[in-house]
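Spelled out from the first residue to the last, the chains are:
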Amino acid sequence: MRRLFSPAFTLVFLANLFMGMSFFLFVHFPGFLDELGASEVEIGIIFGVTAIASILVRPQIGTAMDRRGRRPVILTGNVLNIGITASYLTISGLGPGIYAIRIVHGLAVAMLFTALTTLAADLVPSDRRTQGLALFGISGLMPIALGGVIGDVVLERSGYDAVFLTATAFAIATGLFSLPVRDARAPAPDDGEGAPSFLAALRRPALRPLWWITLAFSISLTGYFAFLRTFVDETGLGSVGGFFAAYAVTAIILRAVAGWLPDRFGAKTVLYPALAVFATGFVVLASAGSDLAVSVAGALCGAGHAYMFPIIYALIVERSRASELGSAVSIFTGLFDVGTLMGGPTLGVVIGLAGYPTMFLVAGAWVVVGTVAFAVLDGDLPLRRLRSAV
């Protein structure tokens, strides 16, 4: 049995870890925007604009990875990421500058996240794919726990400029760990079915249900990634660090101890309960009346995330052509930006009209709707059975 943590896998793991540390410090960015006078709707729009840039560049990223390899995309993304993260220090007020910086930041993160995640899939053994991707995902979960806590500490002692400096230091570390990274396989321009095509991967029937559930998942994520900071500031309940620490620690423990469950019992046998637990976390957050309740909500959302992301990702790898894997992963990661684009402004409007509890309930309900639709699209819930249940 091939080991999961090979030297190459470890390098990619560490590069992704420090990239995530830099990125997740920006969970505090809504608080910075709030200090500058931005409303919840404007905060959502700023996050949405970031997503637009990331979405538009995804076809180019996917095609470049399939035709030229993962390494060139990783190196270019690092150069952009270091420079743009440092540029947050120049922001002094609301205006076009913020939008320009967020657009370039979206490009850089899209390149790094997509290429590192694709390279990880290249490196894990096929018979342990879900477990391997779940363990790789720990490199993305640790920053969720540590980013919020580190941001809380830095803000308490210094301010937002110190947060941006810390993020820049992590971006530099990402670049250093990325330098030795090499492609695990030669680019495959043709596997007998034609040249790699981003649109072909997007249209592939077996992948369509997975695109849908990824979009549903990503829209709901915006509920706390974009608005938890302002929720905590307005209600005085919990803390950003506490929520995300509970979230990530729960997910990390489950992946480390029981990451083998999907490979043993079947991917979707584990996926549906994970989606239910994830939705429950939003219900708890909507009704939270104490710091403990906010942390419990974080743990529930983290438990769902622990399995949802690697299972969906492993199914995408399994159903994709080898020559289009870069494009497929680019679509997968890009849908999280589409979710931000759709969820940010929409959930911001819900907050403005009905408040935070209603917004969290809407996000949780959307997970339920998305799960039912996925079950129908993927053949697990025939429409006739659904009609009879209704």
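Asker: What's the story with the environment of Leu33 in this structure? I'm lost.
Answerer: Note that Leu33 resides in helix α2 (residues 29-35). Between the C-alpha atoms of Leu33 and Ser126, which are 93 residues apart in sequence, the distance is 44 Å. Not counting residues up to four positions away in its chain, the partners in contact with Leu33 are Ala38, Ile43, Ile46, Leu94 and Ile98.

Asker: So what exactly am I meant to see when it comes to the confidence of the model for the chain here?
Answerer: Low-confidence regions, as indicated by low pLDDT, have predicted coordinates that should not be scrutinised in detail. Mean pLDDT over the chain: 84, with 92% of residues reaching 70 or higher. Scored below 50 in pLDDT, residues 190-195 shows 11 contacts in the model against residues more than four places distant or in partner chains.

Asker: Help me out: how do you make sense of the pattern of salt bridges in this one?
Answerer: Pairing is possible between side chains of opposite charge, provided their charged atoms come close. Scanning the entire structure with this criterion turns up 6 salt bridges. Put simply, Asp378 and Arg319 hold a salt bridge, and the shortest N to O gap is 3.1 Å. Here Asp378 is found in the loop between α16 (356-377) and α17 (383-389), whereas its partner Arg319 is found in helix α14 (residues 291-319), with 59 residues between them in sequence. Of the residues examined, Asp378 reaches a relative accessible area of 17% and is grouped as buried. Residue Arg319 is classed as partly exposed on the basis of its relative accessible area of 22%. Put simply, Asp66, Arg70 and Asp122 are held in one network by salt bridges that share partners.

Asker: Help me understand α16, please; the structure alone is not making it clear to me.
Answerer: Helical periodicity: at 3.6 residues per turn, an α-helix aligns residues three or four positions apart in one direction. Spanning 22 residues, α16 covers 31 Å between terminal C-alpha atoms, matching the ideal 32 Å at 1.5 Å per step. The elements touched by buried residues of α16 are α3 (40-68), α9 (208-225), α10 (228-235), α13 (267-286) and α15 (325-354). Backbone geometry just downstream of α16 places Gly379 in the positive-phi region, at approximately 80°.

Asker: What's the story with the packing of helix α6 (residues 129-157) against helix α7 (residues 160-178) in this structure? I'm lost.
Answerer: Working note: a packed helix pair is described by the angle between its axes plus the distance between those axes. Closest axis-to-axis distance for the α6/α7 pair is 8 Å, and the angle between their directions is 140°. Overall, the two elements α6 and α7 adopt an arrangement that is oblique. As for the relative orientation of α6 and α7, their crossing is right-handed in sense. Residues Ile150, Gly151, Val154 and Leu155 of α6 lie in contact with α7, whose contacting residues are Tyr160, Ala162, Val163, Thr166 and Phe170. Taken together, the residues of the contact of α6 with α7 sort by class into 7 nonpolar, 2 polar and no charged.

Asker: Would you take a moment to explain the packing of aromatic side chains for this structure?
Answerer: The description of two aromatic rings rests on the distance between their centres and on the angle between their planes. Taken as a whole and judged by the stated rule, the model has 35 aromatic pairs. On the basis of an interplanar angle of 55° and a centroid distance of 5.3 Å, the ring pair of Tyr224 and Phe243 is categorised as tilted. Residue Tyr224 is found in helix α9, and its partner Phe243 is found in helix α11 (residues 240-258); the two are separated by 19 residues along the sequence. The buried category is assigned to Tyr224, whose relative accessible area is 0%. By relative accessible area, Phe243 is classed as buried at 0%.

Reading the values: the criteria
- Residues numbered from 1 in each chain as written.
- Predicted model: local features only at pLDDT ≥ 70, side-chain atom pairs only at ≥ 80, totals over all residues.
- Heavy atoms only, no water.
- Helix = DSSP H or I, 4+ residues; strand = E, 2+ residues; numbered from the N terminus.
- Contact = heavy atoms within 4.5 Å.
- pLDDT = per-residue confidence, 0-100.
- Salt bridge = Lys/Arg side-chain N within 4 Å of Asp/Glu carboxyl O.
- Buried < 20%, exposed > 50% of the residue type's maximum accessible area, 1.4 Å probe, protein only.
- Expected span 1.5 Å × (residues − 1).
- Axes fitted to C-alpha atoms, helices over the stretch in contact; angles between N-to-C directions.
- Parallel < 35°, antiparallel > 145°, perpendicular 65-115°, else oblique.
- Left-handed = near helix turned anticlockwise from the far one by under 90°.
- Nonpolar A, V, L, I, M, F, W, Y, C, P; charged D, E, K, R; others polar.
- Phe/Tyr/Trp six-rings, centres within 6.5 Å; stacked < 30°, edge-to-face > 60°.

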